[in-house]
Amino acid sequence: MIAGIEIPLNGFCKRRQSLGVIAVVRKIGLQNLAHRPGYRRNTIDLGTRRRHAQSRGSQGQGRLQNRAPAIGQTRVPALYRTHIAIIVQMKDVNIGVIGLGNVGSGTVSILAGNAAQISQKLGFNLRVKAVCSLDALEKTLPAGLENVTRTTDWREVVSNPDVQIVAELIGGTTLARQIIETAIANGKSVITANKELMALAGAEIWDQAIRAGVNLAMEASVAGGIPIHTVLREGISGDRIVAIAGILNGTSNYILTEMERRGESYDKILAEAQALGYAEANPSADVDGFDARSKLAILSALAFGERITPSDIFVEGIRRITAQDFDYAHQLGHTIRLVCSGELTERGLVLSVRPALIHEDTILAGVKGAYNAVWVKGQYGSDTFYYGRGAGSNPTGVAVVSDMMRVAREINSGSPERVSPFAHERLGEYKPVSIALQRRPYYLRFRVDDRPGIIAELAGILASKKIGLEAVLQLPSDSKHDLPFVITVEATSEQDIQDAVGQMSKLDFLREPPLALPMEPPL
């Protein structure tokens, strides 16, 4: 497609062949030049350039002349309003998709099914030129994509001269990194949904993209269909972020909210989540917090401008949460969620992924099922909140396609200005601040063989660490040999509570080590 802008003739003008620019001098009466089918023109009328020149005629009289420079070292005089119509050809942009799993299939379906709307928004077409997967030759593709190149060798996609954007949608950190770095070396812009790789090496890969003059976009790597990258990178970039908190793993959130709603055990709900496809056969990445940790590393780099790796973040999973924990939490006016948290403190940035008690009145408490949410606190703009589907082929596919559209616009505009996917021109070097320094009230849940003096013995250990008791809760139980109860304590440091828990774990009446959960302040 073609786009055009008219500018005044203020000097000699040369063709810019690299941008596909066709410069045309027109007079009044030729104004329909750029109204042919397939052309678009935005008119900027800056008037007529005039100047006086001394006539060399025999009378020596002064004469008013209109001078208008023209194209290619030729001057065209004009006694009327004169323009250059610059007609810029907006070429279609070709995509290569590597990986046709859940996200990849959703992406190509959206590109095919929503092609007309995408073209209307862009002013040109996004075309799937090639697809790659282990089963690409047998894969059924959406209508309209029957003639795309299919291959099982990713190298054929990243080396294809007709492909300008490569979408890496296979996941992992080894082959995926090789694909991305090879694509960048071949001058291709890259779209990825790979949170694990971007958390581990995204800043380094972005540096490679900058040197190669291409783009890297990764909106789909965090929170599926929530455009949280765009929010932090552009929407509220004028603010100074001081805290973020979120629910970033839909599988864990589904398990916890179903346990809360139905009073069922963790094991039973996990099995259901696996049957429904919410959880993998090996659910560790989700239920042990590692998936959420990768996402928090990316969000924290965006929000705080620090170079963060997943190993910098304290992580704890949800395996020890029971239905009874929700009963006790409700007694305290709270619920339990796997909370991803980043907070600027006087000592530095504290980051954690862990199950925590949050008050029932907070907005995060209402996030249920497989949904994700992110709460952001700014120094100037105060609180904002973002909510939506955290996973799935279509929500994540929308994020991938939206990134493709943004990068395609840049390719056609030839803009050298790129906003880093990490929102900052350069990330600072993060020096981890230990979670041990964080202060919170805590919920301590015990399972014991009942006998006299248990509370007194536990209270003595807490007192030795200068930890004050807040409340003791014990719901009715049929068994004295596996009796649950809860102690809540006043705000104390993570280090002190862990020291106390370590000492308590040696007591012979405990059925298992105490479960310690922070009670997060209201958001």
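Look up a bit, the structure's there.
Residues numbered from 1 in each chain as written. Predicted model: local features only at pLDDT ≥ 70, side-chain atom pairs only at ≥ 80, totals over all residues. Heavy atoms only, no water.

A. Inspection of the packing of helix H4 (residues 175-185) against helix H5 (residues 195-212) at higher detail. Direction vectors running N to C along H4 and H5 enclose 10 degrees, while the axes themselves pass 10 Å from each other. The orientation of H4 relative to H5 falls into the category roughly parallel. Crossing geometry of H4 relative to H5 is assigned as right-handed. Note on element contacts: H5 touches H4 through Leu197, Met198, Ala201, Glu204, Ile205, Gln208, Ala209 and Ala212, opposite Ala176, Arg177, Ile180, Glu181 and Ile184. (Axes fitted to C-alpha atoms, helices over the stretch in contact; angles between N-to-C directions. Helix = DSSP H or I, 4+ residues; strand = E, 2+ residues; numbered from the N terminus. Parallel < 35°, antiparallel > 145°, perpendicular 65-115°, else oblique. Left-handed = near helix turned anticlockwise from the far one by under 90°. Contact = heavy atoms within 4.5 Å.)

B. Expanded view of H4. Inspection of H4 places Ala176, Ile179, Ile180, Ala183 and Ile184 among the buried residues, and these make up the whole buried set. The arc enclosing the buried residues of H4, seen along the axis, measures out at 125 degrees, which places them on a common side. Where the residues of H4 are buried, they touch strand E7 (93-98), helix H3 (154-158), strand E10 (165-168), strand E11 (189-192) and H5. Among the residues trailing H4, Gly187 stands out with phi positive, at a value near 80 degrees. (Buried < 20%, exposed > 50% of the residue type's maximum accessible area, 1.4 Å probe, protein only. Arc of directions from axis to C-beta.)

C. Spatial organisation of helix H14 (residues 494-504). All of the buried residues along H14 are Glu494, Ile497, Ala500, Val501 and Met504. Buried residues along H14 cover an arc of 130 degrees about the axis, so they all sit on one side. Contacts from the buried residues of H14 go to strand E15 (314-315), strand E17 (348-359), strand E21 (439-448), helix H13 (454-464), strand E23 (483-493) and strand E24 (515-518).

D. Local environment of the pairing of E17. Burial analysis of E17 places 11 of its 12 residues in the buried class, which makes it a mostly covered element. Looking at chain direction, E15 and E17 are connected through 2 bridges and run parallel. Across the sheet, residue Phe314 finds its bridge partner in E17, namely Ser352. Counting the residues between successive antiparallel strands, the hairpin from strand E16 (residues 334-345) to E17 contains 2 residues. (Pairing = 2+ DSSP bridges.)

E. Layout of the sheet that holds strand E18 (residues 371-378). Within the open sheet, the 6 strands sit side by side as E15-E17-E16-E13-E18-E19. Their pairing is mixed. Single-partner strands in this sheet number two, and they are E15 and strand E19 (382-389). Inspection of the sheet shows strand E13 (residues 241-247) paired to E18 by 6 bridges, in the antiparallel sense. Pairing of Ile247 across the sheet is with Ala373, part of E18. Contacts from helix H10 (residues 290-304) reach E13, E15, E16, E17 and E18 within the one sheet, and its direction differs from that of E13 by about 155 degrees.

F. Focus on the environment of Arg320. One can find Arg320 in the loop between E15 and helix H11 (323-331). Separated by 195 residues in the primary sequence, Arg320 and Leu515 place their C-alpha atoms 7.6 Å from one another. Once residues within four sequence positions are removed from consideration, Arg320 is found in contact with Asp325, Arg445, Glu512, Pro513, Pro514 and Leu515. Engagement of the side chain of Arg320 in a polar contact is seen with the backbone oxygen of Pro513, the distance being 2.5 Å. (Polar contact = N/O pair within 3.5 Å; in protein donor to acceptor, adjacent residues only side chain to side chain.)

G. Representation of the sheet that holds E24 within the structure. What the 4 strands build is an open sheet, ordered E22-E23-E21-E24; its pairing is antiparallel. Every other strand in the sheet has two partners, leaving strand E22 (469-473) and E24 as the edge strands with one partner each. Pairs of neighbouring strands in the sheet enclose a mean axial angle of 20 degrees, with direction left out of account. Where E21 meets E24, 4 bridges bridge the pair, whose relative direction is antiparallel. Paired with Arg445 across the two strands is Leu515, which belongs to E24. Contacting E21, E22, E23 and E24, H11 runs over the sheet at an angle of about 55 degrees to E23. In this fold H13 packs onto E21, E22 and E23, with an angle of close to 20 degrees to the strand it touches most, E23.

H. Representation of the side chain of Asp239. You can see Asp239 is positioned in the loop between helix H6 (228-235) and E13. Of the side chains with opposite charge, Arg240 comes closest to the buried, unpaired Asp239, at an N-O distance of 8.2 Å. At 3.3 Å, the side chain of Asp239 and the backbone nitrogen of Gln379 are in polar contact. There is a polar contact of 2.8 Å between the side chain of Asp239 and the backbone nitrogen of Tyr380. The residues contacting Asp239, other than those within four sequence positions of it, are Gly378, Gln379, Tyr380, Gly381 and Ser382. (Lys, Arg positive; Asp, Glu negative; His and termini not counted. Salt bridge = Lys/Arg side-chain N within 4 Å of Asp/Glu carboxyl O.)

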